[in-house]
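# Structure assessment
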Amino acid sequence: MSLGFQMGTQLIASEGYRMLEKNITYYFLRSYSKCGASSAYVQLSHFTEKEGDKNSPMPIPFLIVMNRDEFESGVRMSKISRCEVQRSMPPWLSHLEGKNLKQLNSEKGMETPHEERILARLKIIEPLIADWRNLLEKDDPDYEINQYAKKCRPVQKGSRVRLWFYLYLVFGQNPDVLHYRTKNLGTWLRGESRSHVKRGAPSITHGKEHGYNADSDMIERMLKGYAREVGLGIELTTIYVRVLTKNFGCKVKNAKDGLKEYFHPMGHPYPSMRMFRYYIDKEFGKYQVQERLKGNVLARRKNKPHQGSFSSAVCNIGEHVEGDAYVVEEVPRGSIEGSSLGNLFVARYVDGMISLRLGIGFSMGAERASAYRMAKFCCAISKVKFCQLFGITITEDQWPSIGIPPHLIEDRGVGSTQKAKSSLKIGESVIDEMPPSGMGQSKPTVESGNPYERKNEDRASHFQSDLRLFQLTVREILRVIAENDTAKILAKLPPDVMFDINRATPKSVFNRLNALGRNDLIQISYEDAVRSFLDPIEVVLKKDGVYFKNQLYSSPTLIELGFLDRNCSFVNQKLSGYMMAVNLRHIWVDIGGILIELMIAWKTRSGKNAGQICLQELEMMEQKRKELTRATEHHRLAGIGEMEMQFSEETGLQWNAGSRKKGRAKRKTKIAIQENKEAIFISHGTGGGDEE
């Protein structure tokens, strides 16, 4: 299977191709077509080091737009190919790849942590990232970003904001790529002064010079007033009246012919109704304004045209992904004879375009945020590696997708809570959308693909499975792999790839679209995926390995890196680790900023399925160890006492009869030597008669 292009994929044109130059690493952004347009395009980005000040060079970002047919032709002819090594950090930060920068920076004891400076940059580009798809569809995205930078307070340099924006996109929304190297520049600037020339359409009743131009202060007052007064059912005219009196201090006077009008007693400027409506619609959007007035359902029905099917609104893989969970009706068997565990809950992310299952996660007993984080972890990494963690062997072609979806639609439950998001804010979806209450079928793709329990009117019953919890998770993973290669998606099939595939299944269509770069999934490193989405735990490093809840885990890497040496400073220390609660065959530990994967280890030879345990079973084993320790100690003491009493009954002497005397025992006397020989003769079994 040939690897395709998706957002962040680093590629080269080894001999140059059309507008692409050789010896330059390009970063794939997206393949797209504008709604209603007859042509489609591909966007790439690359970064050039600035010549000049070598102490603090600032790379310059460039955006390149190519005709999609031309790009895909270059891919087919191998004029354009992937770089052999796909970096997870920019070239100027390559030495930080795979490192936990937050931990390393905290160990240095910096007065101003880099994390605070990075968050300041993220806050600046946050509006751009939230609307990145629409922004990149503009005729000149760089110009739009420059204009946005000018509107920032304090004003930002356009090239810097463009650099942060493109870096954050192509490196999987990893904040570490914005790692600060220089002090923040820029000072607070006052707003522009109001023009003396009246702009806009002239007033018919008051003359063309009547009224005021809007400056930054006036616009800010309008927006603040609107945000304060807006509410369901409150008309915009009512809001305007309240804003004029409360935010601008206007009063009402009687004008000619008995008409009333607003004025300011001190002659200060204030907006007209048309000006107020214009800036409110510009800031919040006409539909959002109507939505606040009429409510979401009515505004959608009255003001929005028919949008078509869910899949018709997307053209790329990962552009629209739905998340949902279902419960496995079988009750899993416990490790103790006759016991049962809580039901298995399965969270899945499904692509809205081709119904490809992108990730799967599990929780026990209830639908938990950890299941959704685990599903995102599955999305982010190679599925060969993910299945290997469960002891399943597959090929890359059986489940080929890798990457975090940038746009998620999730349940109004634990899947949309903060606990279900990335703990490091790396690889988090740019847009997290929740279906509103009362809006049925908001996630039709994932819900229609979930297994369901057939209802009947018999008395209540349950299905007791012969499978343990771990074995049920393996079954559900294999179910996903099968569905990816068997689900029928003929109705969703893009017409331009219909003749390039041999079956209308999600996996087949994915392979074709991915090879052409029509893939919006965000790639992050394996280390970042573990740290971002798996459950944090506390472990202890000892001389023979790592212990979690008294269970030993080990890895050759621990020995190779010297972490098990007696003089290692980490031995007998509590360390941060990560786990999947339903699968404790493997855990991960962070030692000195290095992430190490560990496997469960037993001090005796165990069966094939010994490592197939979940967190609840491990906790039960830990409790059982404690009980066995106490019971064995009582048994040992009683057993020793029992033998001592039997010895006394058999011999009439005490177990330790005798007394301690000074000096060495006298074994060299004639009597002692003779008795010793007789004792040996009898013990060899030759006694009972006289010597001949």
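The notes below deal with the structure included here.

About the criteria used
Residues numbered from 1 in each chain as written. Predicted model: local features only at pLDDT ≥ 70, side-chain atom pairs only at ≥ 80, totals over all residues. Heavy atoms only, no water. Helix = DSSP H or I, 4+ residues; strand = E, 2+ residues; numbered from the N terminus. Buried < 20%, exposed > 50% of the residue type's maximum accessible area, 1.4 Å probe, protein only. Contact = heavy atoms within 4.5 Å. Areas by Shrake-Rupley, 256 points an atom, 1.4 Å probe, with all protein chains shown as cover. Pairing = 2+ DSSP bridges. Salt bridge = Lys/Arg side-chain N within 4 Å of Asp/Glu carboxyl O. Axes fitted to C-alpha atoms, helices over the stretch in contact; angles between N-to-C directions. Parallel < 35°, antiparallel > 145°, perpendicular 65-115°, else oblique. Left-handed = near helix turned anticlockwise from the far one by under 90°. Nonpolar A, V, L, I, M, F, W, Y, C, P; charged D, E, K, R; others polar. Arc of directions from axis to C-beta. Polar contact = N/O pair within 3.5 Å; in protein donor to acceptor, adjacent residues only side chain to side chain. Core = buried A, V, L, I, M, F, W, Y, C linked by side-chain atoms within 4.5 Å. Patch = residues over 30% accessible without salt bridge, like charges linked within 9 Å, V, L, I, M, F, W, Y side chains within 5 Å. Phe/Tyr/Trp six-rings, centres within 6.5 Å; stacked < 30°, edge-to-face > 60°.

Moving on: the overall build of the chain. Counting its regular elements, the chain contains 20 helices and 20 strands. Here the chain holds 692 residues, and the buried ones make up 44% of them. Taking the intrachain contacts of the chain between residues at least 6 apart in sequence as the baseline, contacts between residues at least 24 apart amount to 63%. On the chain, roughly 39500 Å² of surface is accessible, and the fraction owed to carbon and sulfur atoms is 51%.

In this section: the sheet that holds strand β5 (residues 81-82). One open sheet accounts for five strands, arranged β4-β3-β2-β1-β5; its pairing is antiparallel. The open sheet has two edge strands with one neighbour each: β4 (60-67) and β5. Both strand β1 (residues 10-12) and strand β2 (residues 26-32) contribute to a ladder of two bridges, which runs antiparallel. Counterpart to L11 in the pairing with β2 is Y26.

Counting across every chain of the model gives 26 salt bridges. Of the charged contacts, one joins R512 and D500 as a salt bridge, the two residues approaching to 3.3 Å between their closest N and O atoms. Of this pair, R512 sits in helix α16 (residues 506-515) while D500 sits in the loop between α15 (469-484) and α16, and the two are twelve residues apart along the sequence. Overall, R512 belongs to the buried group, its relative accessible area being 19%. Between K574 and E538 there is a salt bridge, and its shortest N-O distance comes to 3.9 Å. Taken as a pair, K574 in strand β18 (residues 574-580) and E538 in strand β15 (residues 535-542) lie far apart in primary sequence, 36 residues in all. For the pair shown, K574 and E538 are each scored as exposed.

With that out of the way, let us pick up the packing of helix α7 (residues 216-229) against helix α8 (residues 236-246). α8 packs onto α7 with a crossing angle of 120 degrees between their chain directions and a minimal axis gap of 9 Å. For the element pair α7 / α8, the angle class is oblique. Two packed elements cross with a definite hand, and for α7 against α8 that hand is right-handed. Here R221, M222, G225, Y226, R228 and E229 of α7 come into contact with α8, specifically with L236, I239, R242, V243 and K246. Within the contact of α7 with α8, the residues separate by chemical class into five nonpolar, one polar and five charged.

To continue, consider the sheet that holds strand β17 (residues 551-554). What the six strands build is a closed barrel, ordered β15-β16-β17-β20-β19-β18; its pairing is antiparallel. Each strand of the sheet is rotated relative to its neighbour by a mean of 40 degrees, with strand direction disregarded.

Our next topic: the pairing of β2. For β2, the tally of buried residues reaches seven of seven residues, placing the bulk of the element in the interior. By the bridge criterion, five bridges tie β2 to strand β3 (residues 41-48) in an arrangement that is antiparallel. If you follow S31 over to β3, its bridge partner there is V42.

Attention shifts here to helix α1 (residues 68-76). Here α1 has its buried residues at R68, F71, E72, G74 and V75. Buried residues of α1, seen end-on, are gathered within an arc of 155 degrees and therefore sit on one face of the element. More than 90 degrees from the buried face of α1, the exposed residues found are D69 and R76. The inward-facing, buried residues of α1 contact β2, β3, β4 and α16. Two or three places before D69, at the opening of α1, N67 has a side-chain oxygen 2.9 Å from that residue's backbone nitrogen. Following α1 by one or two positions, S78 has its phi on the positive side, about 60 degrees.

Among soluble globular proteins, nonpolar side chains are generally buried collectively. Within the largest apolar cluster, 64 residues are counted, with the highest numbers of intra-cluster contacts made by F377, F390 and I477. Per element, the largest residue contribution to this core is nine residues, and it comes from helix α12 (residues 369-380). Each residue touching F377, except ones within four places of it in the same chain, is listed here: F386, L389, Y526, A529, V530, F533, L534 and M580. Counting 34 residues, the second largest nonpolar core, distinct from the first, contains M7, L96, I129 and A149.

Attention shifts here to the packing of α7 against helix α9 (residues 273-284). Following both chains from N to C, one finds α7 and α9 inclined at 75 degrees, their axes separated by 10 Å at the closest point. On the basis of the axis angle, α7 is roughly perpendicular to α9. Across from M218, I219, M222, L223 and Y226 in α7, the residues of α9 making contact are M275, F276, Y279, I280, E283 and F284. Split by residue class, the contact of α7 with α9 holds ten nonpolar, no polar and one charged.

This next bit is on a nonpolar patch on the surface. Taken together, the side chains of M643, F647, L653 and W655 present a nonpolar region at the surface, about 400 Å² in accessible area. Mapping W655 onto the fold places it in the loop between α19 (615-651) and α20 (670-683). Looking at W655, the relative accessible area reads 49%, which means it is partly exposed.

With an omega of 5 degrees, the peptide bond between R153 and P154 qualifies as cis. With respect to the element layout, P154 can be found in the loop between α5 (141-151) and α6 (158-170). Not every positive phi belongs to a glycine, and R18 is a case in point at roughly 50 degrees. Examined against the element boundaries, R18 turns out to sit in the loop between β1 and β2. Judged by relative accessible area, which is 57%, R18 ranks as exposed. The residue S355 is not glycine, and still its phi comes out positive at about 60 degrees. By the element assignment, S355 lies in the loop between β10 (344-351) and β11 (357-364). Given the relative accessible area of 10%, S355 is considered buried.

Once that is clear, we can look at the packing of aromatic side chains. Overall, the coordinates contain 16 aromatic pairs when judged by the stated rule. Seen from their ring centres, Y240 and F276 are 5.5 Å apart, and the 55 degrees between their planes marks the pair as tilted. Separated by 36 residues along the polypeptide, Y240 in helix α8 and F276 in helix α9 bring together distant segments of the chain. Each member of the pair Y240 and F276 is classed as buried.

On to the side chain of E229. Looking at where E229 falls in the secondary structure, it is placed in helix α7. Among the polar contacts listed, one links the side chain of E229 to the side chain of R228, at a separation of 2.8 Å. Those residues within four positions of E229 in sequence are excluded, and the remaining contacts are I234, I239, R242 and K246.

Along the chain, T9 turns up in the segment before β1. According to the relative accessible area criterion, T9 is buried, its value standing at 0%.

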